[in-house]
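Given next are the chains, with one letter for each unit.
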Amino acid sequence: MIIGGHSIIYSKNPEADRAFLRDVLRLPNVDVGGGWLVFGLPPAEVAVHPSAKNNVHEFYLMCDDVEALIADMKKRNIACGSVQNRGWGLLTQVTLPGGGALGIYQPRHARPSSMSTS
């Protein structure tokens, strides 16, 4: 029944952030019309956390080595936040060209197998 997920990053400068995802993170993409890029992602997972209110969502990318990611971003003059050890993972934030921040972490928690769509 479910074949995938679609995440949205809202941006004050979507063209610059799309270029970042395409050129820096090298995510595969397709132009769905007029330069509007939709990006492919690696396998994903979703967790449900307790909250005092509904309709609060977060989006993170995951990496194998957060320190290597930060070193690569530094070579490209892209700012990253300091690494925070959250127990479940090592978390940093990459500053997007549009001014937003994108959380990226090296997971230390158990990971589920990816869902098959066949």
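Our structure's up above, just so we're on the same page.
These figures come from a predicted structure and were not determined experimentally.

Our next topic: the packing of aromatic side chains. Here the structure, examined in full by the defined rule, presents three aromatic pairs. Their ring planes at 65° and their centres at 6.5 Å tell us that Y60 and W88 sit as a pair that is edge-to-face. Of the two residues, Y60 is situated in strand β3 (residues 60–62) and W88 in the loop between β4 (84–85) and β5 (89–95); the sequence distance between them amounts to 28 residues. Given the relative accessible area of 32%, Y60 is considered partly exposed. Given the relative accessible area of 35%, W88 is considered partly exposed. Aromatic rings pair up to connect Y60, W88 and Y105 into one cluster. The positively charged end of R18 is found above the aromatic ring belonging to W36, 4.5 Å away from the centroid.

What follows is about the sheet that holds β5. What the four strands build is an open sheet, ordered β3-β6-β5-β4; its pairing is mixed. In this open sheet, the two edge strands, each paired with only one partner strand, are β3 and β4. The sheet contact formed by β3 and strand β6 (residues 101–107) spans three bridges and is parallel. Counterpart to Y60 in the pairing with β6 is G103. Sheet contacts for helix α2 (residues 66–75): β5 and β6; angle to β5, the most-contacted strand, approximately 15°.

Note on placement: Q84 falls in strand β4. Put simply, Q84 and Y105 are 21 residues apart on the chain and 9.2 Å apart in space, counted from C-alpha to C-alpha. Not counting the four nearest positions on each side in its chain, Q84 is found in contact with G89, L90 and L91. Reaching out from Q84, the side chain makes a polar contact with the side chain of R86 at a distance of 2.2 Å.

Our focus in this paragraph is the pattern of salt bridges. Applying the stated rule across the entire model yields three salt bridges. Between D23 and R22 there is a salt bridge, with the nearest N and O atoms lying 2.6 Å from each other. Using a relative accessible area of 36% as the deciding quantity, one classes R22 as partly exposed. One salt bridge connects R76 with D72, and the closest N-O pair in it is separated by 3.4 Å.

Cut-offs and rules
- Residues numbered from 1 in each chain as written.
- Predicted model: local features only at pLDDT ≥ 70, side-chain atom pairs only at ≥ 80, totals over all residues.
- Heavy atoms only, no water.
- Phe/Tyr/Trp six-rings, centres within 6.5 Å; stacked < 30°, edge-to-face > 60°.
- Helix = DSSP H or I, 4+ residues; strand = E, 2+ residues; numbered from the N terminus.
- Buried < 20%, exposed > 50% of the residue type's maximum accessible area, 1.4 Å probe, protein only.
- Lys NZ or Arg CZ within 6 Å of the ring centre and 35° of its normal.
- Pairing = 2+ DSSP bridges.
- Contact = heavy atoms within 4.5 Å.
- Axes fitted to C-alpha atoms, helices over the stretch in contact; angles between N-to-C directions.
- Polar contact = N/O pair within 3.5 Å; in protein donor to acceptor, adjacent residues only side chain to side chain.
- Salt bridge = Lys/Arg side-chain N within 4 Å of Asp/Glu carboxyl O.

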